[in-house]
Amino acid sequence: MTCYIHSVIAFVIIVLIILNSALLGPGPGRYALPPTVGYINHDLTKPSSPAYSFHSRMSSTMVSVDSSPGPRYHVDSKMTRFGRVGTPSYSMLGRNKRANKLFQTPGPGAYSPEKAPPLNGQRRPPSYTIGSRTRYRAVDFVPAPNRYTLPHLLGSQVPHKASSASYSMSSRRHVGAPSEDLAMTPGPGHYNSTDPSVYLQRQPSFSMQSRTPRPSNAASIPGPGTHSPEKVLAHLPRPPSFTLGIRHSEFVTPLVVHVSD
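Residues numbered from 1 in each chain as written. Predicted model: local features only at pLDDT ≥ 70, side-chain atom pairs only at ≥ 80, totals over all residues. Heavy atoms only, no water.

1. Focus on the pattern of salt bridges
- Under the counting rule described, the total for this entry stands at one salt bridge.
- Among the ionic pairs, Asp76 bridges to Arg84, the shortest N-O distance being 3.1 Å.
- Residue Asp76 is classed as partly exposed on the basis of its relative accessible area, which comes to 30%. (Salt bridge = Lys/Arg side-chain N within 4 Å of Asp/Glu carboxyl O. Buried < 20%, exposed > 50% of the residue type's maximum accessible area, 1.4 Å probe, protein only.)

2. Some points on a nonpolar patch on the surface
- Side chains of Tyr4, Ile5, Val8, Ile9, Phe11, Val12, Ile13, Val15 and Leu16 sit close together on the surface and give an oily, nonpolar patch of about 820 Å² of accessible area.
- If you trace the backbone, Phe11 turns up in helix α1 (residues 2-24).
- Under the relative-accessibility criterion, Phe11 is labelled exposed at 57%. (Patch = residues over 30% accessible without salt bridge, like charges linked within 9 Å, V, L, I, M, F, W, Y side chains within 5 Å. Areas by Shrake-Rupley, 256 points an atom, 1.4 Å probe, with all protein chains shown as cover. Helix = DSSP H or I, 4+ residues; strand = E, 2+ residues; numbered from the N terminus.)

3. Some thoughts on the confidence of the model for the chain
- A residue-level look at the chain finds 82% of positions with pLDDT of 70 or above and a mean pLDDT of 77.
- The least confident element of the chain is helix α2 (residues 62-65), whose mean pLDDT is 58; the most confident is helix α3 (residues 196-199), at 86. (pLDDT = per-residue confidence, 0-100.)

4. Topic: the side chain of His42
- With respect to the element layout, His42 can be found in the loop between α1 and α2.
- One polar contact links the side chain of His42 to the main-chain carbonyl oxygen of Thr36, over a distance of 3.2 Å.
- Once residues within four sequence positions are removed from consideration, His42 is found in contact with Pro35, Thr36, Val37, Pro47 and Ser48. (Polar contact = N/O pair within 3.5 Å; in protein donor to acceptor, adjacent residues only side chain to side chain. Contact = heavy atoms within 4.5 Å.)

This is the structure in structure tokens:
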């Protein structure tokens, strides 16, 4: 009896859904309006632009029927019905090959007028040349100027020249010298001076400590980058947030679960 009641309830729900959908009518996607793009089935209430189509490729037999060329002529923009208009243009050809048998006229650089002999009473400046080294004569025993040695003029050993007073430095004497201390008197460096911190106000002193050991992995402390304070919203006002649910259809049959008594 219970199963029959549940079946009747499910049937009634389905009938109500169908009646409800019939009352609501179809959705916007059920309407098929004529397109406004193209030429076929165009909307009559909308103006349409002219439409064109591409014809298929003509067959090769058309060449024998019509052999005139298409629009492939290229007319230069400088060509008019009165002739060519524009500034004169020039081009450079390649160099012609020289004929070995023909006479080649020398250029201006081939002449050397400075080497020509004087003509018509022309005056030329004197010219000189540097010859090779001459050999020494075996009969000439006269020494050259660099063979003479003149006495030097430094010091007191020049007999025929006046010289200034000269001095010399001897070695250090040990007897009778100032360095000899017969009284054995101590110098200033033998006395021990008292530290000024003993009888004066002592200045602050500092020391440099050694390097501290690096912490091990067991004592690793998170850095500032591991924290995310922007994610903490427990004590701050939070803006509204939204989520997208699951799409449902009104034509889907509801789930009817059989419940035992």
